[in-house]
Amino acid sequence: MIRFENVTKVYEQNARPALDSVSLEINRGEFTFLVGASGSGKSTFLRLILKEDKASAGSVYVAGQNVANISSWRVPKLRRGIGVVFQDFRLLPQKNVFANVAFAMQVIGKSRSIIRETVPEVLKTVGLEGKERRMPHELSGGEQQRVAIARAVVNRPGILLADEPTGNLDPITSMGIMGVLDKINQNGTTVVMATHDDDIVNEMRRRVVELKNGKVIRDEAKALYTSMIPVVGESRRLRDASGEELNRAQGAQL
Amino acid sequence: MRLLFILGEIGGGLRRNLSMVISVVLVTFVSLTFVGAAGMLQMQINQMKGYWYDKVQVAVFLCNDGSTAVGCASGSATKEQQDNLQAMLESPAIKPYINDFQFESQAEAYTHFKEQFSNSPIVDSVSEDQLPASFRINMKNPEKYEIISETFSSQPGVETVSDQRQVLERIFSWMNGASVAAIGVAAVMIFCAVLLITTTIRLSAFSRRRETGIMRLVGASKTVIQLPFILEGVIAAVVGALLASVTLWLMAHFWLNGDLSKQFLNTPFISSTQVLVIAPVLIALGAGLAGISSLLTLRRYLKV
């Protein structure tokens, strides 16, 4: 469903690449966690799938299509096949729950009757039955994120990208959100979720792809947030680096 | 559905940026009024040309007692000189260029003078023999005035050859100058309007970046995202153009065809219906300018 072939992304010349020759395949219907420290390249990975950014080298395939070959006027079509959820929900504050979800259908020209039929269904899936008329500020964080998820999946995309969807939520609410994402995944949607939340990753036991400095350093099925296999040489490398820095500092003093 | 949606977006955008929209309306209104005024002046010039050029005459003034011109050294023009000039006018060299001519004697000139200045005290201080007799010539083509001028001005008994058209030309060149000035003001105002539209669209795009961001993510097409912004600018400009058209029409109806036509009975003024020809031009101009400037702005400030 999503395939990266030696993808490198450089934002600024001379800077460290945000993604460094990443090769990865995510199959249809998979649930994948993308973990790693801030700046490890998780968001860049998601942006490349959406063609928000262009890879500096290598190819990104989404649903069998090389996104580099998609012309700009067909990018909207690509994005209709991908739902996105963010940490900050990104709801429209002056629209109620129903209108927020319906908005995603209106802008791609769905008919009123289909909207009226589909939106309540989706709201039921995310557990917001009966809250159609609420405004976003009247909802809890967890409920707002559910609205955002409903909006992301209302057009039935094949892929759902979630960029730290539980980052603003407490652990119990987060688990509720994970239940929703799991349900969506059970219905056949491929889910890629970037996260820092170790509890969730450990609880879910799904595929984990760990990024560090733009490189994939771990790709395990049914894994935990931190690797069970100790990474040999990690501490030595750190020591070497600091030693080098020390030498450089001394050189500067001389 | 999508049309309704876009209309809704436009309505929302116009409401949210009301003060900016009003300023766009006013600036396009003023600038297009000047454009239209320039157009009206040109129409007026054409109208007057068509009307007057048929009526203007070339006048060959004969010498009278007080004449100081070289050809008048022998005093007032004699009957022979007058007959000679008449013969020349009827000669095959000149006849093809003129429609007809009349002789205006000093007595007739005095009568016309009294009519023209009936309310002025100057009439009392002018006597019949102070006014020159003249041949009034209607040209087939008024542009060929030079032929008459060259042929007659050196003839004995002729004081001067005058072309009434020259007086008109002076008026027309003044009106042309005015319309150039109007175009100049219009150009500056249009420049302001374009900048203002650009700023308005930028603000509008900025205040709605949340919506457009979401639209982009869920795969709305470029048209659906950009059209509301472009139409906002276009609608504001068209409203301005309509106001300008109405103003020009009112001007033509109540000022040109009202007050002015009563004051200048002999002047043909353009009618208010003729102004309606300008209106579609103004509307197209306003819409085009707004459309292009908003499109260019969106290219820079609204990522799709």
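Rules behind the numbers
- Residue positions within a chain follow its written sequence, with the count starting from 1.
- Each chain takes a letter, starting from A, and each ligand takes a number, starting from 1, following the order in which they are written.
- Reporting of local features is limited, given that this is a predicted model, to residues whose pLDDT is at least 70; pairs of side-chain atoms are given and counted only at 80 or more, and all residues count toward the totals for whole chains, interfaces and linings.
- Calculated side-chain values reflect all of the structure's heavy atoms, with hydrogen atoms and water omitted.
- Here the bounds of each domain stem from an automatic or database domain assignment.
- Note on definitions: a residue-residue contact is assigned when non-hydrogen atoms from the two residues lie within 4.5 Å.
- In this description, buried area is defined as the sum, over both parts, of the accessible area (probe of 1.4 Å) that is lost when the two are combined.
- Residues grouped as a nonpolar core are buried Ala, Val, Leu, Ile, Met, Phe, Trp, Tyr and Cys residues, joined through side-chain atoms within 4.5 Å.
- Exposed residues in this analysis have more than 50% of their type's maximum accessible area, buried residues have under 20%, and partly exposed residues fall in between, with area computed by a 1.4 Å probe over protein chains only.
- Segments assigned H or I by DSSP are reported as helices when at least four residues long, segments assigned E as strands when at least two residues long, and all are numbered from the N terminus.
- Here a polar contact is recorded for every N or O atom pair within 3.5 Å, except that within protein the pair must consist of a potential hydrogen donor and a potential acceptor, and residues adjacent in sequence are included only if both atoms are side-chain atoms.
- When a carboxyl oxygen of Asp or Glu lies within 4 Å of a side-chain nitrogen of Lys or Arg, that pair is called a salt bridge.
- Using a grid of 1 Å spacing that covers the protein atoms alone, one calls a set of points a cavity when a 1.4 Å probe fits there but cannot get out, and a pocket when the set is open and has protein on both sides within 12 Å along at least five of seven lines; lining residues are those with an atom within 4 Å of a point.
- Grid points are joined across faces, edges and corners, and a volume is the space filled by probe spheres set on the points.
- In the scheme used here, Gly and all other residues not listed as nonpolar or charged are polar, with Ala, Val, Leu, Ile, Met, Phe, Trp, Tyr, Cys and Pro taken as nonpolar and Asp, Glu, Lys and Arg as charged.
- Strand pairing is assigned whenever DSSP detects at least two bridges linking the two strands.
- Axes here mean lines fitted to C-alpha atoms, for a helix over just the part in contact, with angles spanning 0 to 180 degrees between N-to-C directions.
- Left-handed describes a crossing whose near helix is turned anticlockwise from the far helix by less than a right angle; the clockwise case is right-handed.
- What sets the label is the angle itself: under 35 degrees gives roughly parallel, over 145 gives roughly antiparallel, 65 to 115 gives roughly perpendicular, and the rest give oblique.

## Remarks on the domain arrangement of chain A
Residues and elements named next belong to chain A.
Stage number 1. Per the domain assignment, the segments of chain A are domain 1 (2–81 + 158–253) and domain 2 (90–156).
Stage number 2. The partner domain 2 presents twelve residues to the twelve residues of domain 1 that form the contact.
Stage number 3. Contact between domain 1 and domain 2 buries roughly 990 Å² in total, counting both sides, with carbon and sulfur atoms accounting for 71%.
Stage number 4. Looking at the side of domain 1 facing domain 2, the largest losses of area belong to Arg80, Ile177 and Val180, adding up to 42% of the total buried there.

## Focus: the nonpolar core
Across soluble globular proteins, you tend to see nonpolar side chains buried next to one another.
All names here are of chain A.
Stage number 1. In this structure, Phe33, Val107 and Val119 are the most contacted members of the largest nonpolar core, which totals 70 residues.
Stage number 2. The residues touching Val119, leaving out its near neighbours within four places in the chain, are Phe98, Val101, Ala102, Met105 and Val154.
Stage number 3. With 30 residues, the next largest nonpolar core counts Met1, Leu48, Ile49 and Leu78 among its residues.

## Here we look at the environment of Ser43 of chain A
Residue and element names in this part refer to chain A.
Stage number 1. Summarising the element assignment, Ser43 is placed in helix H1 (residues 42–49).
Stage number 2. Note on Ser43: relative accessible area 36%, which makes it partly exposed.
Stage number 3. Here Asp163 takes part through its side chain, which lies 3.3 Å from a polar atom of the side chain of Ser43.

## Details of the interface of chain B and chain A
Stage number 1. Contacts between the two partners involve 19 residues from chain B, matched on the other side by 25 residues from chain A.
Stage number 2. In total, chain B and chain A occlude about 1,900 Å² of area from one another, counting both sides; carbon and sulfur atoms represent 60% of this.
Stage number 3. Applying the counting criterion to the chain B and chain A interface returns one salt bridge.
Stage number 4. Linking Arg216 of chain B and Glu52 of chain A is a salt bridge whose minimum nitrogen-to-oxygen distance equals 3.0 Å.
Stage number 5. Scanning the region where chain B abuts chain A turns up four residue pairs in polar contact (both at pLDDT 80 or more).

## Things to note about empty space enclosed by the protein
With a probe scaled to a water molecule rolled over the atoms, the places where space remains empty come into view.
Stage number 1. Evaluated as defined, the whole model comprises four cavities of 30 Å³ or more.
Stage number 2. Along the wall of the largest cavity there are 14 residues; nearest its centre are Val84, Arg151 and Ala152 of chain A together with Leu217 and Val218 of chain B.
Stage number 3. Secondary structure elements with two or more residues in the lining of the largest cavity: helix H2 (75–80), strand S6 (82–86) and helix H5 (141–153) of chain A together with helix H8 (209–217) of chain B.
Stage number 4. If one sorts the elements of the lining of the largest cavity by residue count, S6 of chain A sits on top with four residues.
Stage number 5. Per-class residue counts for the lining of the largest cavity are eight nonpolar, two polar and four charged.
Stage number 6. Approximately 60 Å³ is the volume attributed to the second largest cavity.
Stage number 7. Around the second largest cavity sit Thr28, Ser31, Leu32, Ile190, Ala193, Val194, Ile197, Ala237, Gly286, Leu289 and Ala290 of chain B, which together line it.

## Digging into the domain arrangement of chain B
Stage number 1. Taken domain by domain, chain B comprises domain 1 (2–53 + 169–301) and domain 2 (58–163).
Stage number 2. In this structure, domain 1 of chain B and domain 2 of chain B have C-alpha centres spaced 52 Å apart.

## Thoughts on the sheet that holds strand S4 (residues 158–163) of chain B
All names here are of chain B.
Stage number 1. Read from one edge to the other, the open sheet built from four strands follows the order S2-S3-S1-S4, with strand pairing classed as antiparallel. Looking at strand neighbours, the two that pair on one side only are strand S2 (98–104) and S4, the edges of this open sheet. Strand after strand, the sheet turns through a mean of 15° between neighbouring axes, direction not considered.
Stage number 2. In this structure, strand S1 (residues 58–62) lies alongside S4, joined through five bridges in antiparallel fashion. Of the residues in S4, the one forming a bridge with Ala59 is Ser162.

## Some details on the packing of helix H7 (residues 164–207) of chain B against helix H9 (residues 222–263) of chain B
Residues and elements named next belong to chain B.
Stage number 1. Two elements in contact, H7 and H9, have axes separated by 10 Å at closest approach and are oriented at 145°. For the pair H7 and H9, the crossing hand works out as right-handed. Across the interface between the two elements, Ile201, Ser204 and Ala205 of H7 pack against Phe229, Glu232 and Gly233 of H9.

## Concerning the side chain of Ser134 of chain B
All names here are of chain B.
Stage number 1. Among the secondary structure elements, Ser134 is positioned in strand S3 (residues 134–139).
Stage number 2. At 3.2 Å, the side chain of Ser134 and the side chain of Arg136 are in polar contact.
Stage number 3. Each residue touching Ser134, except ones within four places of it in the same chain, is listed here: Val60, Phe61, Leu62, Gln102, Phe103 and Glu104.

## Some words on the packing of helix H3 (residues 97–106) of chain A against helix H4 (residues 112–125) of chain A
Residue and element names in this part refer to chain A.
Stage number 1. Where H3 meets H4, the axes come as close as 10 Å, and the angle between the chain directions of the two elements is 125°. With respect to H4, the axis of H3 lies oblique. Between H3 and H4 the crossing geometry is right-handed. Facing Val97, Phe98, Val101, Ala102, Met105 and Gln106 of H3, the residues of H4 in contact are Ile114, Ile115, Arg116, Thr118, Val119, Pro120 and Leu123.

## Quick notes on the sheet that holds strand S7 (residues 159–163) of chain A
All names here are of chain A.
Stage number 1. In spatial order, the strands read S6-S7-S8-S3-S9-S10; together these six strands make up an open sheet with mixed pairing. The open sheet terminates on both sides in strands that have one partner only, identified here as S6 and strand S10 (215–220). Shown here is a sheet whose adjacent strand axes are inclined to one another by a mean of 15°, direction ignored.
Stage number 2. As paired elements, S7 and strand S8 (residues 190–195) share five bridges and run parallel to each other. Paired with Ala162 across the strands is Met193, a residue of S8.

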